[in-house]
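Structural overview for review
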Amino acid sequence: MNKDKALLAYTLRLGDNALVLGQRMVELVAAYPELEEELANANFALDYLGQARMFYTYAGELEGKGRGEDDFAFLRDENEYRNFLLLEQPNGHFGDSIAKLVLYESFYLLQLEALVNCADTRIAEIAARAQKEIRYHLRHNSQWLIRLGDGTDESHSKAQGSVDDLWRYTGELFAPDEVDNVFEAEFDGPDLFKIQDEWRSNVAAVLEEATLTKPEDGFMASGGKEGRHTEYFGYMIAEMQYLQRAYPGAEW
Amino acid sequence: MYTQGLDQKDKSAPKRDAMEAPEQLEAFQARIDGEEKIEAKDWMPEAYRRTLIRQISQHAHSEIIGMQPEGNWLTRAPTLKRKAILLAKIQDEAGHGLYLYSAGETLGVSRDQMVADLLSGKAKYSSIFNYPTLTWADIGAIGWLVDGAAIMNQIPLCRCSYGPYSRAMVRICKEESFHQRQGFDILRVLCEGSREQKAMAQDALDRWWWPSLMMFGPSDAESKHSAQSMAWKIKRFSNDELRQKFVDVTVPQADFLGLKVPDDDLEFDKETGHYRFGEIDWQEFIEVIQGNGPCNKQRMAKRRTAHDDGAWVREAAQAYAGKQAAKHAA
């Protein structure tokens, strides 16, 4: 894989991750347990949508075929998306959402911090902005995981269940493929092994404070980065893409 | 919005009113007449306080329930930009709700109590949010018409005699005007688009026009409780005056879009400079207020489910806070 192709693929993945997670968060609007959390969720989802738009716009420029943010979001099929499986999992209850966010954002923040120093100026600029947003998300969401874990018996058991269920999707975050390797070598991109070590210790610290048990690393599901998704994903993008698919070429 | 609440009776008021001295009431009215702002710690007649609690909490509930019809298109918004704009708008509404609950709390009622009254069905919210959003054009129509009607109602509330409410309204009105322009822009693009898109816009206007006119509440002849609110300068214009203003402003906008307002009696009266319009179906209004609108049950069910599903989360937060407090005390 050449340098240009890897940069485009890497940028699109960043966009896909941001959009898919943002869309899942959007599904939760008007269903949150407290008004303050309603505001936080909307705020965080807006950050992800904003990041997706920046990454897609840049991907369009890199590709040079006239595609823009909406072409990538609304007119690609399921198997063209390259997001992590973790992010497309259904929302479940509040504990599931929080666990998903803590597990992912603990990774994403480290990824962004590394990208700030990468050799591609545009990616570095977007990462510089995004890392501020995600640092705040992670702090907020970690505090919630701690409250749930160290709250009542019920919340503890629910939070533990959420972490246990989602753990199998975390392996994919750190399994480098050709795109990651070329991006790391050519653009001074993130070293996923190094990130994994930091992630382990950061997540372990949050889990410990939350009085939760870190699950054993068993079987790890993967496929998102190659476009092989879980069944849930098709429904999610069918709903998201409906208008663009039903009225081809229309302006909105 | 939301001044529909002013027309409900306050059954417990007369008993308490009897305990208030005439000179106190006179002094209070003199402050109102002198355009002074009443603040949270000032003395106020019990009926004034009750009226404001009813209106402010109804307004807050409307913001919260109003997130649902728009949220219905959030996952299906046609572009990322539209999705982000809609999400920001809905977030603004949650913020308005929070802000208004706080204004309500200055009158001595807790947010928990206000929310409990909404969930039990005791407190109302604006009738408009019991209509469904069936196409993307409805999101445009809500911004243009519903927020437009809300602005008509709310701009005078910026001068409301109760300080915390009037100040909340200043900020809310700024955001609402922004929302209205965004809604109009959605419809403008649809009206400049394909035949199908224009039909979508017309269909949305057909369905939202009359319910929007109902947002101003019953006609002046039927609105028995407005007089006191006008005297207290909670309300500055009558329902019919505001409704007329809304029609006068909105009809030319519909013309601009090339859409037809669904009222065969609509006619510009050169002598008065106002539009004459047809009779509102008040029976429909009453039905919706009484819980028989297309979405009343759905809206309340969703709010109750969100509240109930969140109980374990709130309990956890409280238990955790208790543990932390105990740790710090030790």
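Residues numbered from 1 in each chain as written. Chains lettered and ligands numbered in written order. Predicted model: local features only at pLDDT ≥ 70, side-chain atom pairs only at ≥ 80, totals over all residues. Heavy atoms only, no water.

**What about the overall build of chain A?**
Note the following rule: Numbering goes from the N terminus for both helices and strands, where a helix is a DSSP run of H or I of at least four residues and a strand is a run of E of at least two. It is over C-alpha atoms that the radius of gyration is taken, and the globule rule equals 2.2 Å times the number of residues to the power 0.38. Contact between two residues is taken to exist if any of their heavy atoms lie within 4.5 Å; hydrogens are not considered. Per-residue accessibility takes into account occlusion by the displayed protein chains alone, with areas from the Shrake-Rupley method and a 1.4 Å probe.
Counting its regular elements, chain A contains ten helices and zero strands. Taking 18 Å as the expected radius of gyration for a compact globule of 252 residues, we find that chain A reaches 18 Å, a close match to that expectation. Across chain A, the fraction of contacts at a sequence separation of at least 24, relative to all contacts at a separation of at least 6, is 80%. Just so you have it, chain A exposes about 10100 Å², and 48% of that area is on carbon and sulfur atoms.

**Notes on the overall build of chain B**
The line we're drawing: Summary of the burial criterion: residues with accessible area below 20% of their type's maximum are buried, those above 50% are exposed, and those between are partly exposed, where the area comes from a 1.4 Å probe applied to protein chains only. His is not counted, nor are the chain ends; Lys and Arg add positive charge and Asp and Glu add negative charge. By convention, charge coordinates are those of NZ in Lys, CZ in Arg, CG in Asp, or CD in Glu.
What chain B contains, in helices and strands, is 14 helices and two strands. The principal-axis extent of the C-alpha atoms belonging to chain B is close to 70 × 55 × 35 Å. For chain B, with 330 residues in total, the buried portion stands at 56%. Relative to all contacts within chain B whose residues are 6 or more apart in sequence, the contacts with residues 24 or more apart total 79%. Surface accessibility of chain B: about 14300 Å² in total, with carbon and sulfur atoms responsible for 54%. Each charge class in chain B can be summarised by its mean position, and for the 44 positive and 47 negative side chains these summaries are 6 Å apart.

**Quick look at the packing of aromatic side chains**
Test applied: Aromatic contacts are taken between Phe, Tyr and Trp rings whose centres are within 6.5 Å, Trp giving its six-membered ring; a plane angle under 30 degrees counts as stacked, one over 60 as edge-to-face, and the others as tilted.
Under the definition given, this model contains 27 aromatic pairs over all chains. Measuring from centroid to centroid gives 5.4 Å for W282 of chain B and F285 of chain B, while their planes differ by 85°, and the two rings are edge-to-face. Taken together, the residues span about one helical turn, with W282 of chain B and F285 of chain B both in helix α12 (residues 282-292) at a distance of three residues. For W282 of chain B, a relative accessible area of 22% translates into the label partly exposed. Within the aromatic cluster, the residues linked to one another by ring pairs are Y48, F84, Y104, F107, Y108, W167, F174 and W199 of chain A.

**Examining unusual backbone geometry**
Phi at A30 of chain A takes a positive value of approximately 75°, unusual for a residue other than glycine. Note on placement: A30 of chain A falls in the loop between α1 (3-26) and α2 (35-63). Located in the positive-phi region is K233 of chain B, a residue other than glycine, with phi close to 55°. Tracing the chain through its elements places K233 of chain B in the loop between α10 (226-231) and α11 (239-257).

**Let's talk about the side chain of Q131 of chain A**
Relative to the elements of secondary structure, Q131 of chain A occurs in helix α6 (residues 121-149). Every residue in contact with Q131 of chain A, bar those within four places of it in the chain, is listed here: L109, L112, E113 and V116 of chain A.

**Side note on the pattern of salt bridges**
For the record, the criterion: Salt bridges are counted wherever a side-chain nitrogen of Lys or Arg sits within 4 Å of a carboxyl oxygen of Asp or Glu.
Across all of its chains, the model carries 37 salt bridges over all chains by this definition. For R31 of chain B, the salt bridge goes to E36 of chain B, with nearest N and O atoms at 2.9 Å. A relative accessible area of 41% means that E36 of chain B is categorised as partly exposed. Because the salt bridges share partners, they merge into one network encompassing R13, D177, D180 and K225 of chain A.

**Focus: α2 of chain A**
Rules: Each helix should span, by expectation, one fewer than its residue count multiplied by 1.5 Å.
Over its 29 residues, α2 of chain A extends 42 Å from the first C-alpha to the last, a length consistent with the 42 Å expected when each residue adds 1.5 Å. Looking one or two residues beyond α2 of chain A, the residue adopting positive phi is G64 of chain A, at roughly 70°.

**Observations concerning the confidence of the model for chain B**
Selection criterion: For every residue, the predictor reports its confidence as pLDDT, a number between 0 and 100.
Averaged over chain B, the pLDDT score is 93; the fraction of residues at 70 or greater is 94%. If you check the scores for this complex, the pTM reads 0.95 and the ipTM reads 0.97.

**So, the packing of α2 of chain A against helix α5 (residues 94-115) of chain A**
All names here are of chain A. Where we set the bar: Angles here are taken between N-to-C directions and fall from 0 to 180 degrees, while the axes themselves are lines fitted to C-alpha atoms, restricted in helices to the stretch in contact. Oblique is the label for any angle not covered by the other classes, which are roughly parallel (under 35 degrees), roughly antiparallel (over 145) and roughly perpendicular (65 to 115). Put simply, a crossing is left-handed when the front helix is turned counterclockwise from the back one by less than a right angle, and right-handed when it is turned clockwise. Residue classes follow a fixed rule: Ala, Val, Leu, Ile, Met, Phe, Trp, Tyr, Cys and Pro count as nonpolar, while Asp, Glu, Lys and Arg count as charged, and any other residue, Gly among them, counts as polar.
For the pair α2 and α5, the least separation of the axes is 15 Å and the interaxial angle reads 45°. Judged on the interaxial angle alone, α5 and α2 are oblique. Crossing geometry of α2 relative to α5 is assigned as left-handed. Between α2 and α5, the contacting residues are Y48, Q51 and F55 on the first element and Y104, E105 and Y108 on the second. Split into classes, the residues belonging to the contact of α2 with α5 amount to four nonpolar, one polar and one charged.

**What to know about the interface of chain A and chain B**
Operational definition: By buried area we mean the combined loss of accessible area, with a 1.4 Å probe, across both parts when two parts are placed together. For this analysis, a polar contact is any N or O atom pair within 3.5 Å, provided that within protein one partner can donate a hydrogen and the other can accept it, and provided that sequence-adjacent residues contribute only side-chain to side-chain pairs.
Counting residues at the interface gives 48 residues for chain A, matched by 45 residues for chain B. Taken together, the two surfaces of chain A and chain B that pack against each other cover about 4100 Å², and 70% of this comes from carbon and sulfur. Per-residue buried area on chain A facing chain B is highest for L35, L39 and W252 of chain A; these three make up 17% of the total on that side. Where chain A packs against chain B, one counts three salt bridges. Of the charged contacts in the structure, one is a salt bridge between R111 of chain B and E34 of chain A, with a shortest N-O distance of 3.3 Å. For the interface between chain A and chain B, the tally reads 13 residue pairs in polar contact (both at pLDDT 80 or more).

**Description of the nonpolar core**
We count it as follows: The nonpolar core is taken to be a set of buried Ala, Val, Leu, Ile, Met, Phe, Trp, Tyr and Cys residues, with the residues joined through side-chain atoms within 4.5 Å.
Y104 and F107 of chain A together with Y48, W136, Y162 and W209 of chain B are the most contacted members of the largest nonpolar core, which totals 174 residues. When neighbours within four sequence positions are excluded, Y162 of chain B is seen to be in contact with I38, E39, A40, M44, Y48, L52, I56, A103, T106 and L107 of chain B.

**Re the side chain of S238 of chain B**
When you line up the elements, S238 of chain B lands in the loop between α10 and α11. Taking relative accessible area as the criterion, S238 of chain B reaches 11% and is therefore assigned buried.

**As for the environment of G163 of chain B**
Residue and element names in this part refer to chain B. Mapped onto the elements, G163 comes out in helix α8 (residues 163-191). Judged by its relative accessible area of 0%, G163 is buried. Setting aside anything within four residues of it in sequence, one finds G163 in contact with K37, I38 and E39.

**Considering the environment of D4 of chain A**
Inspection of the secondary structure assignment puts D4 of chain A in helix α1. In this structure, the C-alpha to C-alpha distance between D4 of chain A and Y56 of chain A, residues 52 residues apart in sequence, is 15 Å.

**Regarding the environment of R304 of chain B**
Residue and element names in this part refer to chain B. Structurally, R304 is set in helix α13 (residues 296-309). Separated by 188 residues in sequence, R304 and A116 place their C-alpha atoms 9.9 Å apart. Within the structure, R304 has its side chain in polar contact with the backbone oxygen of L119 (distance 2.7 Å).

**Digging into the packing of α5 of chain A against α6 of chain A**
Residues and elements named next belong to chain A. It is the contact of α5 with α6, at a shortest axis distance of 8 Å, that shows an interaxial angle of 145°. For the pair α5 and α6, the crossing hand works out as left-handed. Residue composition of the contact of α5 with α6, by class: 18 nonpolar, six polar and three charged.

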